[in-house]
Amino acid sequence: MTAPLDADRPLPSVLPRPPEELRTLERVWQAPKGLSYITAVNNNIIGAMYIGTALLFFVIAGLLALAMRAQLAVPENDLLDHGTYNQFFTVHGTGMMFLFAVPVVEAIGVYLIPAMLAARDLPFPRLSAFAFWAYFFGGCAFFASLIFDAAPNGGWFMYPPLTSFTFSPGINSDFWLLGIGFIEISAIAGAIEIVVGILRTRPPGMSLDKLPIYCWAMLVMAGMIIFGFPAVILATALLEIERAFHWPFFIADLGGDPLLWQHLFWFFGHPEVYIIFLPAAGMVSMMVPAIAQHRLVGHDWVVLALVGTGFFSFGLWVHHMFTTGIPQLSLSFFSAASMAVSVPAGIQVFAWIATLGKGRVRWTAATYFVLGFLFIFVLGGLTGVMVAVIPFDWQVHDSYFVVAHLHYVLIGGMVFPMFAGLYYWWPTLNSTLLSERLGRWAFWLMFIGFNTAFFPMHVSGLLGMPRRVYTYPADLGWDTLNLVSTVGAFLLAAGVLVVLVDMARNAMGHGAPASDNPWRAGTLEWVPNGNYATRSIPRITSLYPLWDDPDLSREIQAGGHFLPGAPTNRRETIVTSPIDATPQYLMPMPGPHWGHVLAGFFTAAHFLMLTVQLYWLSIVPGVLAIASVVWWVWGLDKGEDHPPQDIGGGVTVPVYVQGPRNHSWWAVVVLLLVDGTAFVCLLFSYLFLWTVSPDVWPRDAAALPSPTWLAGGLALWGLAAGAMAWASRALARDRSWPMRLALLGGLGLLIAGVVTDATAQILTGLKGAESAYGAVVYMLVAYQGFHVAVLLVMTLYTLARSAFGLLGAARRVTFDNTMLMWHYTCAQGVVALLLVHLFPRLVA
Amino acid sequence: MRTRRFPAAFAGMMAAFLVWAAHFTVVYGVNGLACARGLDRLAVLGFPFVPFAVAAATAVALLLAAGVLVRALLGGGPAPHAQGDARRFLRWFTAAAAGAALIAILWNGLPALQVPACG
């Protein structure tokens, strides 16, 4: 029998709560019915669909792996021809990395983070939903390319020159470059959501020291996406432009360098491993305390390890390039960092072992998967240290040893924790348990199958078997090892199949009912919730609030904490300060809408048409995508449409704030960090190409635009920034017409700035296709032009809101977003101008 | 804590790791450029250019990271931006990150003493 709540204990909201309060809460957070269900934005719905889609792509990419293993089971096999095999390994690797691993960790975050923070939703629900739909449509189109024999075939890292126009003239490579390039937009949208969600929508009192360890892991992961993904987005843009317009970024004869691609790709590619691993490690750090019924040993050290890994992982990328002829000392810097990164991983492993050792372990399916993860990941980590040793790497580079290593790290480090999480958090989905019996069968099949499949690859690699061969002769001693690997792969697949059967059984109503907190965990995601998340938002005083305050869950469910209802009669959540989590304002949240669904569809259609070279037709879905986004965001900036609201505990907060406190401001700043990183990567590309090919740079100032062009360009960017500052001051005084005129004038200056920059280069006779110098200079101009085009849309949108009376001194969030992008663009224009005009003079 | 102070507080927590990142960029950039342009044959104060430059960059980075560590131990850095437990955590994190960065910077700089620059 449950004891009654202590009536004398002071709670933020007085109990009992009026019954209509809960009804209002349920009504405003209700998901749409019928076909409109796909317009839902609730994180529990989008998160579940996101995870389901990622699992579907995991299965498809896994089936490709089985086909490859069947092909390699015996020597000189002809089940798959070499062309099909090339497509299969490329789509397998690409699908697993870009369409399964990164999306699924973000999807789990979308699903879990609000529950762990007791937030009603993530701060930009439609952005999450857009990211999902763009990913869904784009992912389906990517896999469908296999059916038309048009799938990419250059390997998941798409090295030029193989993938450039000379050796890959069809559209196969374009499917990778455009398809994956735009799906990365989803990843960045997710990262923005996660950063702002974790830093600004925590419950009152959950200061950074009390942030759940999973959220730390997701915060670090999002930071790595922000600084890692721009490099590969830029790389894909450069290669696509080289393919389309023959601008020779990667063609050595014209001053380009294929190594530029490798630098940009691996600057993203190695952090990518940790982008996948850290969220999984965060999940393990949440599960292990519940499994052991003991607080995570060394919690603060694990936080330090997560952050340290995030930084160090950016110093590892050249260890994928040890055989490319880079100077020996340069290799040594990366070798040292590659060894150093094992230290924070070790800290986490020891923390988990210590926690399990100090507690009383409960043996569940999740426990088995966690222990399987520990075993496999540690082995993968050890071979990682081995390949960090340069002479050893030279021996095993591009061999099956590396295939074994990366699968030990990725399957061990991410797939096993994911299945552990599936069994552990499944009750939060539908209040039932997956089958423990099937879970254990699945684990043993997967564990034995995995090691049978991949351990022999270490040996076949050491015996000299190279990666990506579609067959091999019979007399090299690889036959038995390959046959064993194939048997193991099918065992592993059988384990995955058991999990799928288990999920299907559960969905058909065969799952055992679960209690509210079946694993007796201490964190907030185990407070029973609905579409509105938890009934009320608690004040947090410890890392494991449900352990330290046994009444807390019932108090929250009874509505005794903050925001027990929907006081403004709409979706909303509390925004708190980023370090101390002090309530700051009540954020209105958008509900279901068709805009983001259509935006996702049209964005995918636009890129798909570009891929199949329907360039002019692609403008139609492109315009429709922009129109859909405008439709979706039009109603978001509501202004102060309600008085400040009492959220409980005597705390009254406004429903609207402007400037740096606003969550939208934060999102734009994070976006600009992404943008700025891409620009820095472009600057790096310029300097790198100059380093390797100084002979294609102008030898004297006569070949450069005259300094007048530089002065003119600088003046235009400066005046444009001034016009925006003027517009901002006018808006602060509610002077609409001066503000509009300043914006329009500023827009003209921005366009003139780009035209000036381009004309200056064109008049010198410089051509993008003639040399790497021309290509990178025009790329800088084009990048600036892209920003001006974005600003054109944003400015017209801002002006439209002003015309409709939706913009003013007290309602200027939309304007501020445009202003941030505007000033950034002007600053970027100045830096680009100084580089292209002064650097060649400096080095001539 | 005011939201406006967050960037400074956050940068303060990460200061030592940022120093590590800057050091890594500098030493890799210097060696890459030196090898591409033949600068490795130069000498500075009688020492080969690359090891000298790497050692100098490492010394500067170590001093900066040590400064972050000392400041955090004395209660400065980002900690004053927070209250209570959060203040303790910020102080601990900043100091521990500085300790980790000190080791990492030294570890990354050491190869310059052992390995030829452009071999």
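Residues numbered from 1 in each chain as written. Chains lettered and ligands numbered in written order. Predicted model: local features only at pLDDT ≥ 70, side-chain atom pairs only at ≥ 80, totals over all residues.

A. Inspection of the overall build of chain B at higher detail. The helix and strand inventory of chain B stands at five helices and two strands. Listed N to C, the secondary structure of chain B is α-α-β-β-α-α-α in terms of helices and strands. Of all 119 residues assigned to chain B, the portion counted as buried reaches 49%. (Helix = DSSP H or I, 4+ residues; strand = E, 2+ residues; numbered from the N terminus. Buried ≥ 20, exposed ≤ 12 C-beta atoms within 10 Å, placed from the backbone.)

B. Examining the overall build of chain A more closely. Looking only at helices and strands, chain A has 25 helices and six strands in total. The C-alpha radius of gyration of chain A comes to 28 Å, within 12% of the 28 Å expected for a compact globule of 844 residues. Projected onto its principal axes, the C-alpha positions of chain A cover 90 × 85 × 50 Å. For chain A, the proportion of its 844 residues judged to be buried stands at 57%. Residue pairs at least 24 apart in sequence account for 81% of intrachain contacts in chain A once pairs closer than 6 positions are excluded. (Rg over C-alpha atoms; globule rule 2.2 N^0.38 Å. Contact = placed C-beta atoms within 7 Å.)

C. Layout of the interface of chain B and chain A. On the side of chain A, 28 residues touch chain B, which itself brings 38 residues to the contact. Of all the secondary structure elements, the ones that give two or more residues to the side of chain B that touches chain A are α1 (6–13), α2 (15–37), α4 (84–109) and α5 (111–114) of chain B. Looking at the side of chain B that touches chain A residue by residue, the classes come out as 29 nonpolar, seven polar and two charged. (Nonpolar A, V, L, I, M, F, W, Y, C, P; charged D, E, K, R; others polar.)

D. Quick look at the environment of Asp40 of chain B. Residues and elements named next belong to chain B. Relative to the elements of secondary structure, Asp40 occurs in the loop between α2 and β1 (43–44). With 27 residues separating them along the chain, Asp40 and Gly67 place their C-alpha atoms 31 Å apart. Not counting residues up to four positions away in its chain, the partners in contact with Asp40 are Ala34, Cys35, Phe49, Val50, Ala117 and Cys118.

E. Structural context of helix α10 (residues 342–358) of chain A. Residues and elements named next belong to chain A. Here α10 spans 24 Å end to end across 17 residues, near enough to the 24 Å set by a 1.5 Å rise per residue. Every buried residue of α10 is accounted for by Pro344, Ala345, Gln348, Ala351, Trp352, Thr355 and Leu356. One face of α10 carries all of its buried residues, which in axial projection span an arc of 125 degrees. For α10, the exposed residues lying more than 90 degrees away from the buried face are Gly357 and Lys358. Buried residues along α10 sit in contact with α7 (258–292), α8 (299–312) and α11 (365–388). (Expected span 1.5 Å × (residues − 1). Arc of directions from axis to C-beta.)

F. Examining the pairing of strand β3 (residues 572–576) of chain A more closely. Within β3 of chain A, five of the five residues are buried, leaving the element largely enclosed by the surrounding structure. Here β3 of chain A folds back onto strand β4 (residues 583–588) of chain A in antiparallel fashion, the turn holding six residues, of which Ala581 of chain A has a positive phi close to 55 degrees. (Pairing = 2+ DSSP bridges.)

G. Spotlight on unusual backbone geometry. Residues and elements named next belong to chain A. Cis geometry is found at the peptide bond from Leu15 to Pro16, where omega equals -5 degrees. Looking at where Pro16 falls in the secondary structure, it is placed in the segment before α1 (19–28). Following Pro160, the chain continues into Pro161 via a peptide bond in cis, with omega recorded as 10 degrees. Checked against the element boundaries, Pro161 lands in the loop between α4 (125–144) and α5 (172–200). Phi angles above zero are rare outside glycine, and Glu76 is one such case at about 50 degrees.

H. Quick look at the domain arrangement of chain A. Residue and element names in this part refer to chain A. Here the domain parsing of chain A yields domain 1 (42–513) and domain 2 (684–843). Here the C-alpha centre of domain 2 lies 38 Å away from the C-alpha centre of domain 1. On the domain 2 side, the residues contacting the 12 residues of domain 1 number 14 residues. Counting only elements with at least two residues in the side of domain 1 that touches domain 2, the list comes to α6 (213–245) and α7. Classifying every residue of the side of domain 1 that touches domain 2 gives seven nonpolar, four polar and one charged. (Domains from an automatic or database assignment.)

I. Region of interest: the confidence of the model for chain B. Across chain B, the average pLDDT comes to 93, with 97% of residues at 70 or higher. Confidence estimates for the predicted assembly give a pTM of 0.96 and an ipTM of 0.96. (pLDDT = per-residue confidence, 0-100.)

J. Geometry of the environment of Ile376 of chain A. All names here are of chain A. Relative to the elements of secondary structure, Ile376 occurs in helix α11. Separated by 37 residues in sequence, Ile376 and Gly413 have C-alpha atoms that sit 7.5 Å apart. Once you skip the residues sitting within four places of it in the chain, Ile376 turns out to touch Tyr408, Ile411, Gly412, Phe416 and Phe450.

K. Seen up close, the packing of helix α22 (residues 707–732) of chain A against helix α25 (residues 813–843) of chain A. All names here are of chain A. Relative orientation of the contacting elements α22 and α25 amounts to 165 degrees, with a least axis distance of 9 Å. Taken together, the axes of α22 and α25 are roughly antiparallel relative to one another. Taken as a pair, α22 and α25 cross one another with a handedness that is left-handed. Residues Leu710, Gly713, Leu714, Trp717, Ala720, Ala721, Met724, Ser728 and Leu731 of α22 form the contact with α25, whose own contacting residues are Phe815, Met819, Trp822, His823, Cys826, Gly829, Val830, Leu833 and His837. Its residues assigned to classes, the contact of α22 with α25 comprises 13 nonpolar, five polar and no charged. (Axes fitted to C-alpha atoms, helices over the stretch in contact; angles between N-to-C directions. Parallel < 35°, antiparallel > 145°, perpendicular 65-115°, else oblique. Left-handed = near helix turned anticlockwise from the far one by under 90°.)

L. Representation of the pairing of strand β5 (residues 645–648) of chain A within the structure. Residues and elements named next belong to chain A. With three bridges connecting them, β5 and strand β6 (residues 651–653) associate as antiparallel partners. Across the sheet, the residue bridging to Asp646 is Thr652, located in β6. The hairpin formed by β5 and β6 contains two residues between the paired strands, and Gly649 there has a positive phi angle of roughly 65 degrees.

M. Representation of the environment of Ala40 of chain A within the structure. Residues and elements named next belong to chain A. Mapping Ala40 onto the fold places it in the loop between α1 and α2 (43–72). Placed 631 residues apart in sequence, Ala40 and Leu671 show a C-alpha to C-alpha distance of 25 Å. Residues contacting Ala40, with those up to four places away along its chain left out, are Ala31, Pro32, Ile45, Ile46 and Pro592.

N. Region of interest: the nonpolar core. Ranked by size, the top nonpolar core spans 335 residues in total, and within it Met287 and Phe369 of chain A together with Ala65 and Ala101 of chain B carry the most contacts. Two domains each provide a minimum of three residues to this core, namely domain 1 (42–513) and domain 2 (684–843) of chain A. Among residues more than four places away in sequence, those in contact with Ala101 of chain B are Ala16, Phe17, Val19, Trp20 and Ala65 of chain B. (Core = buried A, V, L, I, M, F, W, Y, C linked by C-beta atoms within 7 Å.)

O. Expanded view of helix α9 (residues 328–340) of chain A. In a regular helix each residue adds 1.5 Å, so 13 residues correspond to 18 Å; α9 of chain A covers 18 Å between its end C-alpha atoms and thus fits that length. Within α9 of chain A, 10 of the 13 residues are buried, which leaves it mostly tucked inside the rest of the structure.

P. The arrangement of the packing of α2 of chain A against α4 of chain A in detail. Residue and element names in this part refer to chain A. Relative to each other, α2 and α4 sit at 20 degrees, their axes nearing to 10 Å. In terms of their interaxial angle, α2 and α4 are classed as roughly parallel. Like other packed secondary-structure pairs, α2 and α4 cross with a definite hand, here left-handed. For the pair α2 and α4, contact is made by Asn43, Ile46, Met49, Tyr50, Thr53, Phe57 and Ile60 and by Pro125, Ser128, Ala129, Phe132, Phe136, Gly139 and Phe143, respectively. Tallied by class, the residues present in the contact of α2 with α4 amount to 10 nonpolar, four polar and no charged.

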